[in-house]
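Examining the three-dimensional arrangement
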Amino acid sequence: MKKQWIALLALTAVAGSGACTGGAAGSGEDLKGQTIEVVGPWTGDEQKSFEKVLAAFKAKTGAEVKYTPAGDELPTVLQTRISGGTPPNVGMVAQPGLVAQFAKAGALKPVSAEVEQAVTRHNAAVWKQFGSVDGKLYGFTFKTANKSAFWYSEKAFQQIGATPPATWDDLVKTSRSVAETGLAAVSVGGADGWTLTDWFENVYLRTAGPDNYDKLAKHEIPWTDPTVRKALEELAKLWGEQTLVAGGPLQTEFPKSVINVFGESPTAAMVFGADFAASVITKNTKAKVGEDAKFFPFPSVAGSKDAVVAGGDTAVQFKDDKATTELMKFLASPESGEVWAGLGGFLSPNKDIKSSAYPDEVTQDLARRIVDAGDNVRFDMSDLAPAAFGGTKGAGEWKDLQDFLADPKNVDGIMARLETNAAKAYVK
Amino acid sequence: MKRLSSSVDAAPGRSPRQAIPFLLPALVVLAALVLYPLVFSLIRSFFDATGDEFVGLSNYVNTFTDKRTLIAFRNNVIWVVVAPAAVTGLGLIFAVLTERIRWATAFRLVLFMPMAISLFASGIIFRLVYEEAPNQGVVNAVMVGVHDVFSPSSQYPNARPRSGYTQTEAGFAADAPAQAGDVIMLPLVGVNAQQVPAQALPASTPQAGAGELRGVVWLDVSLNGNAGKIDGIERGLPGIAVEAVRDGQVVARTTTGDDGRFTFPDLARGEVVVRLPLSNFELPFRGLTWLGESLITPVIISCWIWIMTGFAITFIAAGLSAIPRDALEAARVDGATEWQVFRRVTVPLLSPVLLVVFVTLVINVLKIFELVFVIAPGSAQEEANVLALQMWQVSFGTGGDQGAGSALAVILFLLVAPAMLFNIRRFRRERS
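Rules and cut-offs
Residues numbered from 1 in each chain as written. Chains lettered and ligands numbered in written order. Predicted model: local features only at pLDDT ≥ 70, side-chain atom pairs only at ≥ 80, totals over all residues. Helix = DSSP H or I, 4+ residues; strand = E, 2+ residues; numbered from the N terminus. Rg over C-alpha atoms; globule rule 2.2 N^0.38 Å. Buried ≥ 20, exposed ≤ 12 C-beta atoms within 10 Å, placed from the backbone. Contact = placed C-beta atoms within 7 Å. Domains from an automatic or database assignment. Nonpolar A, V, L, I, M, F, W, Y, C, P; charged D, E, K, R; others polar. Pairing = 2+ DSSP bridges. Axes fitted to C-alpha atoms, helices over the stretch in contact; angles between N-to-C directions. pLDDT = per-residue confidence, 0-100. Parallel < 35°, antiparallel > 145°, perpendicular 65-115°, else oblique. Core = buried A, V, L, I, M, F, W, Y, C linked by C-beta atoms within 7 Å. Expected span 1.5 Å × (residues − 1). Arc of directions from axis to C-beta.

1. Concerning the overall build of chain B
- Helix and strand content of chain B: 14 helices and 9 strands.
- Compactness check: chain B gives a C-alpha radius of gyration of 35 Å against a globular reference of 22 Å for 432 residues, more than 25% above the reference.
- The C-alpha extent of chain B, read off along each of the three principal axes, is 125 × 75 × 35 Å.
- When burial is assessed residue by residue, chain B has 32% of its 432 residues classed as buried.
- When contacts within chain B are restricted to residue pairs at least 6 apart in sequence, those whose partners lie at least 24 apart make up 72%.

2. With respect to the overall build of chain A
- Check the secondary structure of chain A and you find 19 helices and 12 strands.
- Taking 428 residues into account, the globule formula puts the C-alpha radius of gyration at 22 Å, and chain A, at 22 Å, falls close to it.
- A principal-axis box enclosing the C-alpha atoms of chain A has dimensions of 65 × 50 × 35 Å.
- Looking at chain A as a whole, 54% of its 428 residues qualify as buried.
- Counted over contacts in chain A with a minimum sequence separation of 6, partners at least 24 positions apart contribute 76%.

3. Let's talk about unusual backbone geometry
All names here are of chain A.
- With a phi angle near 60 degrees, His219 is a residue other than glycine that sits in the positive phi range.
- In this structure, His219 sits in the loop between helix H9 (193-217) and helix H10 (226-239).
- A count of 18 C-beta atoms within 10 Å places His219 in the partly exposed class.
- Backbone geometry at Ala302 places phi at a positive 50 degrees, although glycine is not the residue there.
- Its place among the elements puts Ala302 in the loop between strand S10 (293-297) and strand S11 (308-317).

4. Examining the domain arrangement of chain A
All names here are of chain A.
- Taken domain by domain, chain A consists of domain 1 (28-146 + 311-378) and domain 2 (149-306 + 385-427).
- A separation of 29 Å is found between the C-alpha centroids of domain 1 and domain 2.
- With 14 residues of domain 1 in contact, the opposing surface of domain 2 contributes 16 residues.
- Only strand S6 (139-146) and helix H15 (361-372) provide two or more residues apiece to the side of domain 1 that touches domain 2.
- Here the residues of the side of domain 1 that touches domain 2 sort into 5 nonpolar, 4 polar and 5 charged.

5. Quick notes on the sheet that holds strand S8 (residues 184-187) of chain A
All names here are of chain A.
- Pairing in this open sheet of 4 strands is mixed, and the strands run S8-S9-S7-S10 from one edge to the other. Either end of the sheet is taken by a strand with one partner, and the two such strands are S8 and S10. Across the sheet, the mean angle separating the axes of adjacent strands is 25 degrees when strand polarity is ignored.
- As paired strands, strand S7 (residues 149-153) and S10 are joined by 5 bridges and run antiparallel to one another. Bridging from a neighbouring strand, Tyr152 pairs with Lys294 of S10.
- Sheet strands touched by helix H11 (residues 254-262): S7, S8, strand S9 (268-272) and S10. Its angle to S9, the strand with the most contacts, is close to 145 degrees.

6. Quick word on the confidence of the model for chain B
Residues and elements named next belong to chain B.
- Mean pLDDT over chain B: 86, with 95% of residues reaching 70 or higher.
- Within the model, pLDDT remains below 50 along residues 1-7, and this stretch shows 0 contacts once partners closer than five positions in the same chain are excluded.
- Model confidence for the complex is summarised by a pTM of 0.81, with the ipTM given as 0.74.

7. Notes on the sheet that holds strand S4 (residues 183-189) of chain B
Residues and elements named next belong to chain B.
- What the 4 strands build is an open sheet, ordered S1-S4-S5-S8; its pairing is mixed. Of all the strands in the sheet, the pair left with one neighbour each is strand S1 (160-161) and strand S8 (261-264).
- Here strand S5 (residues 213-219) pairs with S8 via 4 bridges, running antiparallel. By the bridge assignment, Gly215 is partnered in S8 with Phe262.

8. Side note on the environment of B:Gly123
Residues and elements named next belong to chain B.
- With respect to the helices, strands and loops of the structure, Gly123 is situated in helix H6 (residues 119-129).
- Of the residues examined, Gly123 has 21 C-beta atoms within 10 Å and is grouped as buried.
- Between the alpha carbons of Gly123 and Phe262 there is a distance of 53 Å; along the sequence they are 139 residues apart.
- Among residues more than four places away in sequence, those in contact with Gly123 are Cys303, Glu370, Leu371, Val374 and Ile375.

9. Some details on the environment of A:Trp239
Residue and element names in this part refer to chain A.
- Within the element layout of this structure, Trp239 appears in helix H10.
- Each C-alpha atom, one on Trp239 and one on Phe404, is 8.9 Å from the other, the two residues being 165 residues apart in sequence.
- Ignoring anything within four residues of it in the chain, the contact list for Trp239 reads Val245, Leu405 and Pro408.

10. Remarks on the packing of helix H4 (residues 67-100) of chain B against helix H5 (residues 104-116) of chain B
All names here are of chain B.
- Between H4 and H5, the least distance of the axes is 8 Å, while the angle of their chain directions is 150 degrees. In terms of axis orientation, H4 runs roughly antiparallel to H5. Of the residues in H5, those in contact with Phe94, Thr98 and Glu99 of H4 are Ala104, Phe107, Arg108 and Leu111.

11. Remarks on the nonpolar core
- Core analysis: the largest hydrophobic core is formed by 134 residues, its most contacted members being A:Trp151, A:Val186, A:Ala268 and A:Met270.
- In terms of residue count, H9(A) provides more of this core than any other element does, 11 residues in total.
- In this structure, this core is formed jointly by two domains, domain 1 (28-146 + 311-378) and domain 2 (149-306 + 385-427) of chain A, each of which donates at least three residues.
- Discounting residues that sit within four places of it in the chain, A:Trp151 has contacts with A:Val261, A:Met270, A:Val271, A:Gly273, A:Ala277, A:Ala293 and A:Phe295.
- Within the second largest apolar cluster, 49 residues are counted, among which are B:Leu92, B:Val353, B:Ala376 and B:Ala407.

12. Looking at the domain arrangement of chain B
- Splitting chain B by domain gives domain 1 (2-12 + 19-39), domain 2 (45-141 + 290-431) and domain 3 (160-280).
- The C-alpha-based centres of domain 2 of chain B and domain 3 of chain B are spaced at 57 Å.

13. Side note on the pairing of S5(B)
All names here are of chain B.
- Burial analysis of S5 places 6 of its 7 residues in the buried class, which makes it a mostly covered element.
- In terms of strand pairing, S4 meets S5 through 6 bridges, oriented parallel. Residue pairing for S5: Met185 is matched across the bridge by Val216.

14. Looking at the environment of B:Arg429
Residues and elements named next belong to chain B.
- Note that Arg429 resides in helix H14 (residues 402-431).
- A tally of 9 C-beta atoms within 10 Å means that Arg429 is categorised as exposed.
- Distance from Arg429 to Leu237, taken between C-alpha atoms, is 79 Å for residues 192 residues apart in sequence.

15. Observations concerning helix H2 (residues 44-61) of chain A
All names here are of chain A.
- In this model, H2 (18 residues) spans 26 Å end to end at C-alpha, consistent with the 26 Å of a helix rising 1.5 Å per residue.
- If you check which residues of H2 are buried, you get Phe50, Val53, Leu54, Ala56, Phe57, Lys60 and Thr61. Here the buried residues of H2 occupy an arc of 145 degrees about the axis, which is enough to place them on one side. Turned more than 90 degrees off the buried face of H2, the exposed positions are Gly44 and Lys48.
- Once H2 ends, the next one or two residues include Gly62, with phi positive near 90 degrees.

16. Points about the confidence of the model for chain A
- Overall, the prediction assigns chain A a mean pLDDT of 88, with 93% of residues at 70 or greater.
- Of the regions scoring below 50 in pLDDT, residues 1-27 of chain A engages in 38 contacts with residues more than four places distant in sequence or in other chains.

This is the structure we're talking about:
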């Protein structure tokens, strides 16, 4: 027991040294004896890392924090807990739609003024919108995902003397040269629908611009809009050439699409995927991230500016007692993020987390791109949409884009289907 | 003695007051765990997603107009028609056959083993069995192995000329015609340098004599912008069939040598089109897309059959051992063949057991969930959907419309109920 305490103190010392610049550092109040609960999606390694963050909070304030992992069933767990009258103190919600739903149902408490200040100080303005419902701030993105990265095999690129393409047309050109070597250019994890929505969102954000992106996310413009056609046509440039896409994309799940590129017998040179592709590479292949496996940001389409599609877990509070507010303050500060950043597998939109807090260059780069994109960051559109449209296996946008991958010539048919499904889902 | 037995007989019917305390615990549990959820689901199915607004039958109407649910219905029908009959049939065959062999118990044990694995784990196993890549999925590995014995795959799958050739059904035909005395340069791309056979020699440009057409096919690497030219390290591609076509007729045919060169020695005057037949570049046979939209339901049914056959065998074997031996022997003595014994004696005597097994399997099939959930990849889940999965998705997966989900649950209950009633009545009749 004593040893653990010493370890904890040491950890806090490390975390604390980075906190001075944070401003929102704790006021040193003693919350000893209080117990609060956090429900979040993280299990396994991520759970261990998050528990270290909570341990740092405990060392600082004395409050005991219990973490309940809910995995993919988080929405169901939270909903049940709320209707049962025993919500946790803090929840980590990946779907902004759910945050809005809880806020409108009166289950959430708006964040305190101090937390709001911290959020404003540490993040680009756009992040505040993600956590706001009807002008009130209910939460902030604690952990984010950079969904605008192409991972490529250094070996495959060296073979043809290619460099990471900066524009979409370059990407298509590079892809063709790769295909000349008998390797497919990209491996697409089309069995999972969300990978395809990420493809589309990145292209759409670049071709149609952030404003149209916001409108489409709210379904203020229909899916039959010319901007959607443009994005689908750009996508078809890559998906439509049989030799460019690795075989059987609709039966390939995301992890397998990554292994297709970095595994023993590669079938493709690039895979588009979020930052967490790195953990798939590390766990399932012998390739080293940063040496054999590198990434380049999603290329610019038709001269578009840097933009990032991000996902993330929003910290929200269901209670507003002192301990809960303190924890929210702690989570909004760079101090908490730096604890997890050092352990790996973590990105934060918090611009005051020092770059050196991230464990390696690749992660630093991924994090920097989110911060640098500033207000050109957009939240994953399919997470903003009603789940029936943007988050159901084999239905809605997922299924429609899978059909598009199977037949990239059918732009009109897919647009009509997307609009029909969207219209049905957004009415509810 | 006599008095005692009569008083026991009298007790149940005549004194309900006495029975109540004994029944009460069971009734409470039954009401709390079975009756209440049942009634609540029914009531819930008449309310909307939030549970506040009464919407009448609209959840049911929506259910029967939703395309996804209709596919689920269709699949459930396929399941009920195919799966229980197949399992009962297989169970009968195996039970009868294993009755005669010495290691019957061991054999049945092996066949029963899949029942001991959770459906979820079985699903994952079959997901791998039917994996499309032949180096991962065993079914496709076997198919490819057998196929390649009879027709080996082409040497340069997916290769193609860099430019100047148009793909037709017969092969890659040159856009520009050639004639005797010409030299054809034919750079191919799409081949990995490691795939080039070891005997390949460096490519070079041939010289054509009068009356002949020569050319070279080589693997063109565009490194440093040297596309379409032979740059010293590039090797010729041996063993590629080349055709000379005149007016749609093949007039000459040859194969490239180790240095990638080919020659058409005696071409008469006139122009020809050089063509590379598609057989050079055919993609290797990769087996079937088992987990694609068209085959997914049969694949999942096959997995279920694998699991449930052991169950059927156990029950049918038990029934079989209860059949009076003298009936079988009497038939044999009368000169019936084994087939006749099976058809006319064994099956009729077994039919009550077969029916129970069949009906139990029907109930089991109607609520099939895990296998579909695990085996079908997201892209094929709509095609593979069944009612139970749809119910779960509607209730918990997509924004949680538990009103519509309850409606589906009620429908599912109504479908299962006749089979249940049938089984219950059957048991009761047997007891009496």
